[in-house]
Amino acid sequence: MKTNESTMQLTVIQQKIYEIRDQRVMIDYDLADLYQVETKRLKEAVRRNRNRFPDDFMFELTKEEYDALRSQIATLKHAIVAEDELVVSKRGRHSKYSPFAFTEHGVAMLASVLNSEKAIEMNIAIVRAFIALRQLTLLRNNFLEQLQQLRIELYQRIDGHDAQLSQIYDALENMLDTEAEKRHQEKAKAESWKNRERIGYK
């Protein structure tokens, strides 16, 4: 597969990865689009091998979760990469049953369940998409940590400058107080000299 085609495929897959229950998942009808099978067939294969899909691999959406998901992607087109072009598909999107959500591990397990060349090919691309998103998250978190550390260091430096400025202010105040006391003493001395008792003839 050419580089630009691979990049386009990765982008399409990433757009089909959602965050539900604090997990990144893909929905059964999106996977059916990518595998080029009916959603019904995909679900049947999963049910026949239910022991291969524990809760951390796959779970069924609640009605509330499904409604929230549909409202989130109502304006998005569901597409698959096939024959070098994007083909619009709505296969299985309006099933009366709540869809299955597959985590990265669940998606990897699907290849062995479906046992087709297309499933294996798409699973490789999907796993790469999950990995790319995970790396992006790590980079983002690392950047946020560095930003937070920079903010702390900046505040510490500001606090340090504040302490230094406070010391300077204190020194200036002491100098002013000393100068004021000195002037007060000189003025008192002058007054004392002025009011001294005179010696000599009155």
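Residues numbered from 1 in each chain as written. Predicted model: local features only at pLDDT ≥ 70, side-chain atom pairs only at ≥ 80, totals over all residues. Heavy atoms only, no water.

Caption draft 1: Representation of the pattern of salt bridges within the structure. Inspection of the entire model under this criterion finds seven salt bridges. Measuring nitrogen to oxygen at the nearest pair gives 2.8 Å for the salt bridge that ties Arg21 to Glu65. Of the two residues, Arg21 is situated in the loop between strand E1 (17-20) and strand E2 (23-27) and Glu65 in helix H4 (residues 63-72); the sequence distance between them amounts to 44 residues. The partner of Glu104 in a salt bridge is Arg134, with the nearest N and O atoms 2.6 Å apart. Separated by 30 residues along the polypeptide, Glu104 in helix H5 (residues 104-114) and Arg134 in helix H6 (residues 117-194) bring together distant segments of the chain. The exposure class of Glu104 is buried, given its relative accessible area of 19%. Here the residues in one salt-bridge network are Lys63, Asp67 and Arg70, joined through shared partners. (Salt bridge = Lys/Arg side-chain N within 4 Å of Asp/Glu carboxyl O. Helix = DSSP H or I, 4+ residues; strand = E, 2+ residues; numbered from the N terminus. Buried < 20%, exposed > 50% of the residue type's maximum accessible area, 1.4 Å probe, protein only.)

Caption draft 2: Quick peek at the sheet that holds strand E6 (residues 100-102). Pairing in this open sheet of four strands is antiparallel, and the strands run E1-E2-E6-E3 from one edge to the other. Only two strands of the sheet have a single neighbouring strand rather than two, namely E1 and strand E3 (58-60). Along the sheet, successive strands turn relative to each other by an average axial angle of 45°, direction set aside. Pairing between E1 and E2: four bridges, direction antiparallel. Its bridge partner being in E2, Tyr18 is matched across the sheet by Val25. In this fold H4 packs onto E1, E2 and E3, with an angle of close to 140° to the strand it touches most, E1. (Pairing = 2+ DSSP bridges. Axes fitted to C-alpha atoms, helices over the stretch in contact; angles between N-to-C directions. Contact = heavy atoms within 4.5 Å.)

Caption draft 3: Broad picture of the packing of aromatic side chains. Summed over the entire model, instances satisfying the criterion amount to two aromatic pairs. Summarising the aromatic geometry, the rings of Phe53 and Phe102 are spaced 5.9 Å apart at their centres and angled 80° between planes, so their arrangement reads as edge-to-face. Placement of Phe53 in the loop between helix H3 (39-48) and E3 and of Phe102 in strand E6 is noted, with a sequence separation of 49 residues between them. Across the pair, Phe102 and Phe53 agree in class, each one buried. Look at Phe100 and Phe102: their rings are 6.4 Å apart centre to centre, the planes differ by 75°, and that puts the pair in the edge-to-face class. We note that Phe100, like Phe102, is buried. (Phe/Tyr/Trp six-rings, centres within 6.5 Å; stacked < 30°, edge-to-face > 60°.)

Caption draft 4: Highlighting the packing of H3 against H5. Between H3 and H5, the shortest axis-to-axis distance is 10 Å and the interhelical angle comes to 90°. With respect to each other, H3 and H5 are oriented roughly perpendicular. Together, Leu42, Ala45 and Val46 of H3 and Leu110, Val113 and Leu114 of H5 make up the contact between the two elements. Taken together, the residues of the contact of H3 with H5 break down into six nonpolar, no polar and no charged. (Parallel < 35°, antiparallel > 145°, perpendicular 65-115°, else oblique. Nonpolar A, V, L, I, M, F, W, Y, C, P; charged D, E, K, R; others polar.)

Caption draft 5: Quick peek at the packing of helix H2 (residues 28-35) against H3. Packing of H2 against H3 leaves a shortest axis separation of 8 Å and a crossing angle of 110°. As the angle between them shows, H2 and H3 are arranged roughly perpendicular. Between H2, through Asp28, Tyr29, Leu31, Ala32 and Tyr35, and H3, the contact on the second element is made entirely by Thr39, Leu42 and Lys43.

Caption draft 6: The arrangement of a nonpolar patch on the surface in detail. Where nonpolar side chains cluster on the molecular surface, the patch consists of Phe143, Leu144, Leu147 and Leu150 and spans about 370 Å² of accessible area. Looking at the element boundaries, Leu144 is found in helix H6. A residue is classified by how much of its surface remains accessible, and Leu144, at 38% relative accessible area, is partly exposed. (Patch = residues over 30% accessible without salt bridge, like charges linked within 9 Å, V, L, I, M, F, W, Y side chains within 5 Å. Areas by Shrake-Rupley, 256 points an atom, 1.4 Å probe, with all protein chains shown as cover.)

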